[in-house]
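Structure assessment
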Amino acid sequence: MNPPPIAAPAPPPPGVVDTSSGPEPAGRRTRPATGGALVLVAMLLVALNLRTLVTSLGALLDEVRDGLGFSGAMAGLVTTLPTIAFAGLGALTPWLVRRVAPARVLVVAMLALTVGQVLRAVTESAWIFVLTSTLALAGIAVANVLMPMLVKQHFPHRTGLVTGAYTMALTLGTSVAAAAAVPIAHAFGSWRAGLGVWAGLAAVAVLPWVPLALRTRADARRAAPTAFAVPTRVRPARTRLGWAMAVYFGAQSLSGYAVMGWLAQLFRDAGYRPESAGLLLAGVTALGVPIALLMPTMAGRLDTLRPLVIGLSVASALAYLGLAVAPHGGALLWVFLLAIGQGSFPMILAALGLRARTAEGTVALSAFAQSTGYVIAALGPLTVGILYEITGGWTAPIGFLLAALAVQTAAGMAIARPRYVEDE
């Protein structure tokens, strides 16, 4: 957390966003917030849950379609739903944390994720499945935006390391859900078990935030009454950097969610068994675990992000071309290249902190880039699903992903050089 100006009567309590202070003066070191170890554990548990809802459905999409009678268009809607929810609900997060401490917000968010996953696993209605999935996704949407802010607030001098740690946890959870969803469903004889089991992991993530929320509430009683009422001064929507970050985030998320939602189906169509297709999807995220750990650190140490932007785009382009030409014979190579290309996600998460000076700037930039970016990303799974249903093959969907990659690369070059959203 950045320290307040010297004239301020007292620093804000743990968990309260400091919206009154400007950029930290040069040479002054910020002390980590109290309870840093507990906050780190709590963040890692949240991160484990941020994509299990999505990849478990991707691995079991055929079974869910059959069980609930989804049409191809409905399947496209369901796979697009995460991006829609993240765009709409993530934008509300700065407003929430100016009024309620982040720890308390995260308790509610993880409870929503837990309840939503339980309810969607037991319903017999396709539309109730959509509604309860939206409830669960609301919790993820809020957590998505808060994570970069929490890193900036509690670990300002370890931004790359902590961002890498929570991104690695996110990637690990994504991989485990993709790999285990089908075996769990088969073991219990129903796709419902393969989706519902992840509610237990979400419930565990609630636990460390409860004492943090209670402590924050007690501290807030002693804080200034305006602790949450100061309006934000950072408006990324009025900056070129904010829009470039949003476009890059949106384009990489577009491809990421299309891959999570449809890659297993592509491998099934190429002749792989459902279990093998799920494992190949899991391979993308499993191979991404070390990349997720290293990428934020590399981004923080480089003078420019240009080498990372170009290298990640080349890997993705080769993977897409390989999937179009030889999806079965070269599957392992394409999975490896996709894993490298998906490193654009931890890179942009790190950039959210690198391109802002303060926790206030980070949460504003995170909310704008993610909410606007997910509007763009919503086109991915839906367009891939429509093109797949119309053409009955994967050439057109992959061509669409290559076009999105070109936009991503252009936006990446625009955010490559160091600058801060507060300065624009």
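Conventions adopted
Residues numbered from 1 in each chain as written. Predicted model: local features only at pLDDT ≥ 70, side-chain atom pairs only at ≥ 80, totals over all residues. Heavy atoms only, no water. Helix = DSSP H or I, 4+ residues; strand = E, 2+ residues; numbered from the N terminus. Buried < 20%, exposed > 50% of the residue type's maximum accessible area, 1.4 Å probe, protein only. Contact = heavy atoms within 4.5 Å. Areas by Shrake-Rupley, 256 points an atom, 1.4 Å probe, with all protein chains shown as cover. Core = buried A, V, L, I, M, F, W, Y, C linked by side-chain atoms within 4.5 Å. Patch = residues over 30% accessible without salt bridge, like charges linked within 9 Å, V, L, I, M, F, W, Y side chains within 5 Å. Salt bridge = Lys/Arg side-chain N within 4 Å of Asp/Glu carboxyl O. Axes fitted to C-alpha atoms, helices over the stretch in contact; angles between N-to-C directions. Parallel < 35°, antiparallel > 145°, perpendicular 65-115°, else oblique. Left-handed = near helix turned anticlockwise from the far one by under 90°. Nonpolar A, V, L, I, M, F, W, Y, C, P; charged D, E, K, R; others polar. Expected span 1.5 Å × (residues − 1). Arc of directions from axis to C-beta. Polar contact = N/O pair within 3.5 Å; in protein donor to acceptor, adjacent residues only side chain to side chain. pLDDT = per-residue confidence, 0-100.

1. As for the overall build of the protein chain
Each helix and strand in the protein chain was counted, giving 19 helices and 0 strands. Of all 424 residues assigned to the protein chain, the portion counted as buried reaches 58%. A fraction of 83% describes how many contacts in the protein chain between residues 6 or more apart in sequence connect residues 24 or more apart. As displayed, the protein chain has an accessible area near 16,100 Å², and 69% of this comes from carbon and sulfur atoms.

2. Considering the nonpolar core
The biggest cluster of nonpolar side chains holds 127 residues, and the ones touching the most others in it are Met43, Val64, Phe129, Trp209, Met245 and Phe267. In contact with Val64, not counting residues within four places along its chain, are Leu57, Gly69, Phe70, Phe129, Trp191 and Leu195.

3. Here we look at a nonpolar patch on the surface
Where nonpolar side chains cluster on the molecular surface, the patch consists of Val115, Val118, Leu119, Val122 and Leu135 and spans about 390 Å² of accessible area. The element contributing the most residues to the nonpolar patch is helix H6 (residues 102-122), with 4 residues.

4. Observations regarding the packing of helix H12 (residues 240-269) against helix H16 (residues 344-354)
Orientation of H12 relative to H16, taken along the N-to-C sense of each, is 155 degrees, at an axis distance of 10 Å. Regarding the angle of H12 to H16, the classification is roughly antiparallel. Regarding H12 and H16, the two cross each other, and that crossing is left-handed. Within the contact between the two elements, H12 uses Met245, Tyr248, Phe249 and Gln252 and H16 uses Ser344, Phe345, Met347, Ile348, Leu349, Ala351 and Leu352. Residue composition of the contact of H12 with H16, by class: 9 nonpolar, 2 polar and no charged.

5. Some thoughts on the side chain of Thr372
Within the secondary structure, Thr372 is located in helix H17 (residues 359-377). In this view, Thr372 contacts Trp243, Ala246 and Ala367; residues no more than four positions away in its chain are not counted.

6. Description of the pattern of salt bridges
Using the criterion set out here, one finds 5 salt bridges in the structure. Taking the shortest distance from any N to any O, the salt bridge between Arg65 and Asp62 comes out at 3.9 Å. One end of the pair is Arg65 and the other is Asp62, both in helix H3 (residues 61-68) and 3 residues apart, which spans about a single turn. Glu124 is the partner of Arg192 in a salt bridge, and the nearest nitrogen-oxygen pair spans 3.1 Å. Highlighted residues: Arg192 in helix H9 (residues 191-196) and Glu124 in the loop between H6 and helix H7 (126-154), separated in sequence by 68 residues. With a relative accessible area of 63%, Glu124 lands in the exposed category. One network of salt bridges, with partners in common, ties together Asp62, Glu63, Arg65 and Arg268.

7. Things to note about the environment of Leu96
Of note, Leu96 is situated in helix H5 (residues 93-97). Given a relative accessible area of 25%, Leu96 falls into the partly exposed group. The spacing of Leu96 and Val142 is 46 residues in sequence and 9.2 Å in space, taken between C-alpha atoms. The residues contacting Leu96, other than those within four sequence positions of it, are Val105 and Val142.

8. Overview of the packing of H7 against H17
In contact at an axis separation of 8 Å, H7 and H17 are set at 160 degrees when each is read in the N-to-C sense. Regarding the angle of H7 to H17, the classification is roughly antiparallel. The hand of the H7/H17 crossing is right-handed. Here Asn144, Val145, Pro148, Met149, Lys152 and Gln153 of H7 lie close against H17, whose contacting residues are Ala359, Thr362, Val363, Ser366, Ala367, Gln370 and Tyr374. By residue class, the composition of the contact of H7 with H17 is 7 nonpolar, 5 polar and 1 charged.

9. Things to note about helix H14 (residues 306-325)
Helix length check: H14, at 20 residues, gives a terminal C-alpha distance of 29 Å against a target of 28 Å (1.5 Å per residue), a fit within 8%. When we look at burial in H14, the residues that qualify are Leu308, Val309, Leu312, Ser313, Ala315, Ser316, Ala319, Tyr320, Gly322 and Leu323. Looking at the buried positions of H14, the neighbouring elements they touch are H12, helix H13 (274-301), helix H15 (331-341), H16 and helix H19 (395-414).

10. Observations regarding helix H18 (residues 379-391)
Helix length check: H18 (13 residues) gives 17 Å between terminal C-alpha atoms against 18 Å at 1.5 Å per residue, within 8%. If you check which residues of H18 are buried, you get Gly380, Pro381, Val384, Gly385 and Tyr388. Taken end-on, H18 shows its buried residues confined to a sector of 120 degrees, consistent with a single buried face. Turned more than 90 degrees away from the buried face of H18, the exposed residues are Glu389 and Ile390. Summarising the contacts, the buried residues of H18 are in contact with helix H4 (72-90), H12, H17 and H19.

11. Concerning the side chain of Thr132
Position of Thr132 among the secondary structure elements: in helix H7. At a separation of 2.8 Å, a polar atom in the side chain of Thr132 contacts the main-chain carbonyl oxygen of Ile128. Other than its neighbours up to four places away in sequence, Thr132 contacts Gly116, Leu119 and Arg120.

12. Section: the confidence of the model for the protein chain
Residues with a pLDDT of 70 or more make up 88% of the protein chain, whose mean pLDDT is 83. Note on residues 1-34: pLDDT under 50 across the span, and 74 contacts to partners over four residues away in sequence or across chains. Below pLDDT 50 for its whole length, residues 221-232 participates in 18 contacts with residues either more than four positions away or in separate chains.

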